[in-house]
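Observations on chain architecture
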Amino acid sequence: MLTYPMEIGRNIDEILRSLRALQRSDEEDGVAVPADWPENEVFGDRVLLSPPGTVDEAESRTAEAEAAGEMEAYDWWFVTRSE
């Protein structure tokens, strides 16, 4: 549910973008979307992955990101992936 004060306008495009972002994050566990997704000025339509829970998972994820080319690891805890 979204609640707006009567004194401000509504932006239907932002409401629809928010709905699509929520649906996208619900489709797959461990995925978040950045602000202004899918047209984020830094990440574009890429999604953010949850931080890894273990050192082994962090090392594995970083190696996968480099090998697959579909993920981009900025650091062990900050990884993006194409949709």
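From a predicted model like this one, the values you see are computed outputs, not experimental measurements.

A word on the packing of aromatic side chains. Per the stated rule, a full pass over the model turns up three aromatic pairs. When the ring of Phe-43 is compared with that of Tyr-74, the centres are 5.7 Å apart and the planes differ by 80 degrees; the resulting orientation is edge-to-face. In this pair, Phe-43 sits in the loop between strand S1 (31–32) and strand S2 (47–49) while Tyr-74 sits in strand S3 (residues 71–75), placing the two residues 31 residues apart along the sequence. Given a relative accessible area of 15%, Phe-43 falls into the buried group. The exposure class of Tyr-74 is partly exposed, given its relative accessible area of 39%. Here the aromatic cluster, defined as three or more aromatic residues joined through ring pairs, consists of Phe-43, Tyr-74 and Phe-78.

This next bit is on the sheet that holds S2. On the basis of which strands lie adjacent, the open sheet formed by four strands has the order S1-S2-S4-S3 and antiparallel pairing. Across the chains shown, the open sheet's two edge strands, defined by having one partner strand only, are S1 and S3. Bridge analysis of S1 against S2 gives two bridges, and the strand direction is antiparallel. Within the sheet, the bridge partner assigned to Val-31 lies in S2 and is Leu-49. Relative to S3, helix H2 (residues 55–68) is tilted by about 130 degrees, and along the sheet it contacts S2, S3 and strand S4 (78–81).

With that settled, consider helix H1 (residues 12–27). Taking 1.5 Å per residue as the helical rise, H1 with its 16 residues ought to reach 22 Å, and the 23 Å between its terminal C-alpha atoms agrees with that figure. Buried within H1 are the following residues: Arg-17, Ala-21 and Arg-24. Here the buried residues of H1 occupy an arc of 60 degrees about the axis, which is enough to place them on one side. Turned more than 90 degrees off the buried face of H1, the exposed positions are Ile-12, Leu-22 and Asp-26. Between a side-chain oxygen at the N-terminus of H1 and the backbone nitrogen of Asp-13 the separation is 3.1 Å; the capping residue is Asn-11.

Side chains that differ in charge, positive against negative, can pair when their charged atoms come close. Throughout the structure, instances matching the rule amount to four salt bridges. In this structure, the salt-bridge partner of Arg-24 is Glu-27, at a minimum N-O distance of 3.6 Å. One end of the pair, Arg-24, and the other, Glu-27, are both in helix H1, three residues apart, so they sit about a helical turn from each other. Residue classification places Arg-24 among the buried residues on the basis of a relative accessible area of 8%. Across the salt bridge formed by Glu-28 and Arg-81, the nearest N and O atoms sit 2.8 Å from each other. Here Glu-28, found in the loop between H1 and S1, pairs with Arg-81, found in strand S4; they are 53 residues apart in sequence, far enough to count as distant. When salt bridges with common partners are traced through the structure, they connect Arg-24, Glu-27, Glu-28 and Arg-81 into a single cluster.

Scoring rules and cut-offs
Residues numbered from 1 in each chain as written. Predicted model: local features only at pLDDT ≥ 70, side-chain atom pairs only at ≥ 80, totals over all residues. Heavy atoms only, no water. Phe/Tyr/Trp six-rings, centres within 6.5 Å; stacked < 30°, edge-to-face > 60°. Helix = DSSP H or I, 4+ residues; strand = E, 2+ residues; numbered from the N terminus. Buried < 20%, exposed > 50% of the residue type's maximum accessible area, 1.4 Å probe, protein only. Pairing = 2+ DSSP bridges. Contact = heavy atoms within 4.5 Å. Axes fitted to C-alpha atoms, helices over the stretch in contact; angles between N-to-C directions. Expected span 1.5 Å × (residues − 1). Arc of directions from axis to C-beta. Polar contact = N/O pair within 3.5 Å; in protein donor to acceptor, adjacent residues only side chain to side chain. Salt bridge = Lys/Arg side-chain N within 4 Å of Asp/Glu carboxyl O.

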